[in-house]
There are 2 protein chains.
Amino acid sequence: MSAAPAPAVDVAALAALVRAGDRPALARAITLVESKRPDHRAAARALIQDLLPDTGKAIRVGVTGVPGVGKSTTIDTLGSRLTEAGHRVAVLAVDPSSTRTGGSILGDKTRMTRLAADDRAFIRPSPSSGTLGGVAAKTRESMLICEAAGFDVILVETVGIGQSETAVADMTDFFLVLMLPGAGDELQGIKKGVLELADMIAVNKAEGDGLPRARAAAAEYKAALHILAPSSPSWTPPVVLVSGLADEGLAEMWAKVLDHRTRLSATGEFAAKRRAQQVKWMWAMIEDRLLARLRGDPAVRAMLPVLESRVAEGSLAPTLAAEDVAEALGL
Amino acid sequence: MSAAPAPAVDVAALAALVRAGDRPALARAITLVESKRPDHRAAARALIQDLLPDTGKAIRVGVTGVPGVGKSTTIDTLGSRLTEAGHRVAVLAVDPSSTRTGGSILGDKTRMTRLAADDRAFIRPSPSSGTLGGVAAKTRESMLICEAAGFDVILVETVGIGQSETAVADMTDFFLVLMLPGAGDELQGIKKGVLELADMIAVNKAEGDGLPRARAAAAEYKAALHILAPSSPSWTPPVVLVSGLADEGLAEMWAKVLDHRTRLSATGEFAAKRRAQQVKWMWAMIEDRLLARLRGDPAVRAMLPVLESRVAEGSLAPTLAAEDVAEALGL
């Protein structure tokens, strides 16, 4: 079953097509970025570097929420509003579990019926292989490609497993947390770490009979956000009520996203955040490479399980174990 | 000003003295752990490994809170209560800023007047050099030495700069957050990330005229904790009122610490947490070594400033920069 040798990628030509907004080229470019073949990886790096001057102009919004919160419906409705207003909207995802689950966003795509049929929108499921770091890096590069292709709104969805919210917050300008209505004991818990990433909480399904419970939930979230030190002197995360299904509150919600951008741009925080995100990303990639080198070393691979279990059971000091690994690597 | 060659450390003898509870030996052992000399580092590793079977028996409590919250006073009063009850109490610290500030805990030591004069207590300022990871590693090893020396309560204080709370939470069984009274707009913000680390919030200075405000603050913190998903099915972080100065509420507060230990021990979570902390520590040490190797490489050192600034300004893709670094390291 050996395939014929694939033709070498013409990076300059692909970049030109992407810039021209050619959709098959856009999809091909993202597939290239997601490929693990060494020649593809080299071509992908060259492509990203080529496109770099045309990136960065979109507003990048991360969206998280538990399954059932109505992420797909809300993104479908919000995205359609935005394309109607003249925007071009790309929906990407970071879901390191999609290998196991069969790709939750592939399912989302069929649920985002309006956006899927909208030629001003582009939906791409999560890269499905590798570590969170690897998946996030590919989504991040896909985002740059979409920007170069002229998409001016990027929505990055995550199902919120493990550290994926942090990864998405690290690549976006604004992090939106969708919550279900409910109050008191029926109020669902906010996952650790998410509250402090939130630039806004939107209580979804604030419609019909659910409205009083949504209002009660919003009041509780507001109180919780109140006692947290705000992440920026220019922004206190608001709590809003929306209904993705009934298309209510989404215009007001989006206005907050734009307001955030205006305020943080005025103080220089917006540009500083982008710069810091890029440098952090570089370091994350370097660490990934170092750890891959470490885990790929035969001597280290052989010793790690023993070291880990001795450290866990308390018969070997972590410092000594680290020393052994460093020696095996010749550091 | 070259010193005479220091005599080699007799690790076995030092370990025996530490185990016997000899205080000068304890202080010497910690100084050894804090030393940067390669021969000292080797001796320190051997010492820790020698003492390892005698470690792990203490209850380890992290304590954080903004300057002015009354950490020293509270620790002094709580620690004295514990030594009166027959415990031996070690107070350590993680304060990576202490090089710059001249050692905030050195000042604390003079303020912990009762404990400083208590021969069942031992106070050690934060190691004052290096990265947070380095400082935390030394504090962690000092904790092990104190345990081997028979201290059964370890209080690890942090002033809460940068990521030091996470480092302290990662080395302790229970993370206590001290807060000032106040409510509504005068309520001080909880630093990002701290709320979710908290196993308990204690509102300090709940005394005299401050009592109503302390109660109002406690109610707000309780509401905020309520909407966070608890970190353990066996534990919901309580909010208590204390006065370190007036010695009020500290017995009840300590009872919660013990209750936490009992509950999590019953389910196996306590042992699992310790195991996970040790493995995480090992990996942190390995990563530290890898990054030290990277930053110590002359070629990498020469290229990093340029790479970082090009990545920050957006003219170089982070992936390409990481690639350059990896190539320079021969990975």
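As a reminder, the structure under discussion sits directly above these lines.
Position labels on residues start from 1 in each chain and follow its written sequence. Chains carry letters from A onward and ligands carry numbers from 1 onward, assigned in written order. Given that this is a predicted model, residues contribute local features only at a pLDDT of at least 70 and side-chain atom pairs are listed and counted only at 80 or more, while totals for whole chains, interfaces and linings are drawn from all residues. Side-chain figures throughout are based on the complete set of non-hydrogen atoms in the structure, without hydrogens or water.

Caption draft 1: Seen up close, the pattern of salt bridges. We count a salt bridge whenever a side-chain nitrogen from Lys or Arg sits within 4 Å of a carboxyl oxygen from Asp or Glu. Taken as a whole, this structure holds 26 salt bridges over all chains when the rule is applied. A salt bridge links E323(B) to R45(A); the shortest N-O distance between them is 3.4 Å. Highlighted residues: E323(B) in helix α15 (residues 318-328) and R45(A) in helix α3 (residues 38-51), drawn from two different chains. Judged on exposure class, the residue E323(B) and its partner R45(A) are both buried. Taken together, the salt bridges that share partners define one network made up of R19(A), D50(A) and D54(A). Under the DSSP-based scheme used, a helix requires at least four consecutive residues in state H or I and a strand at least two consecutive residues in state E, with every element numbered from the N terminus. Buried, partly exposed and exposed residues are distinguished by accessible area as a fraction of the type maximum, computed with a 1.4 Å probe on protein chains only: under 20%, between the cut-offs, and over 50%, respectively.

Caption draft 2: Highlighting empty space enclosed by the protein. Cavity and pocket criteria rest on a 1 Å grid covering protein atoms alone: a 1.4 Å probe that fits but cannot get out defines a cavity, protein on both sides within 12 Å along at least 5 of 7 lines defines an open pocket, and an atom within 4 Å of a point defines a lining residue. Grid points are joined across faces, edges and corners, and a volume is the space filled by probe spheres set on the points. On inspection of all chains with the given rule, the structure shows five cavities of 30 Å³ or more. In this structure, the second largest cavity spans a volume of roughly 50 Å³. As for the second largest cavity, its lining consists of 12 residues, and the residues nearest its centre are L195(A), E196(A), L228(A), L195(B) and E196(B). Those elements that provide at least two residues to the lining of the second largest cavity are α10 (194-197) of chain A together with α10 (194-197) of chain B. Classifying every residue of the lining of the second largest cavity by side-chain character gives six nonpolar, two polar and four charged. All residues other than Ala, Val, Leu, Ile, Met, Phe, Trp, Tyr, Cys, Pro, Asp, Glu, Lys and Arg, Gly among them, are scored as polar; the first ten of these are nonpolar and the last four charged.

Caption draft 3: Quick peek at the relation of the copies chain B and chain A. Superposing the copies works by least squares over the C-alpha atoms of residues that have pLDDT at least 70 in both of them. The two copies are related by a screw operation: chain B maps onto chain A through 180° of rotation and 0.0 Å of translation along the axis, at an RMSD of 0.0 Å. Accordingly, the operation relating the two chain copies is best matched by a two-fold axis. Residue A224(B) of chain B places its C-alpha closer to the rotation axis than any other residue of that unit, at 2.1 Å. A shared interface surface links the copies, since 100% of the contact residues of chain B are contact residues in chain A too. Contact definition: two residues touch when any of their heavy atoms are within 4.5 Å.

Caption draft 4: Spotlight on the interface of chain B and chain A. At the interface, 60 residues of chain B touch 61 residues of chain A. For the pairing of chain B and chain A, the buried interface totals around 5,600 Å² over both sides, and the portion due to carbon and sulfur atoms is 69%. The interface formed by chain B and chain A holds four salt bridges in total. Here a polar contact means two N or O atoms within 3.5 Å. Within protein one must be a hydrogen donor candidate and the other an acceptor candidate, and residues neighboring in sequence count only if both atoms are side-chain atoms. Our count for the chain B to chain A interface comes out at 16 residue pairs in polar contact (both at pLDDT 80 or more). Elements represented by at least two residues in the side of chain B that touches chain A include exactly α3 (38-51), α10, α11 (211-226), α13 (269-296), α14 (298-313) and α15 of chain B. Looking at the side of chain B that touches chain A element by element, the count peaks at 15 residues for α13(B). For the side of chain B that touches chain A, a count of residues per class yields 34 nonpolar, 11 polar and 15 charged. Defined in terms of a 1.4 Å probe, buried area is the accessible area two parts forfeit on being brought together, summed over both.

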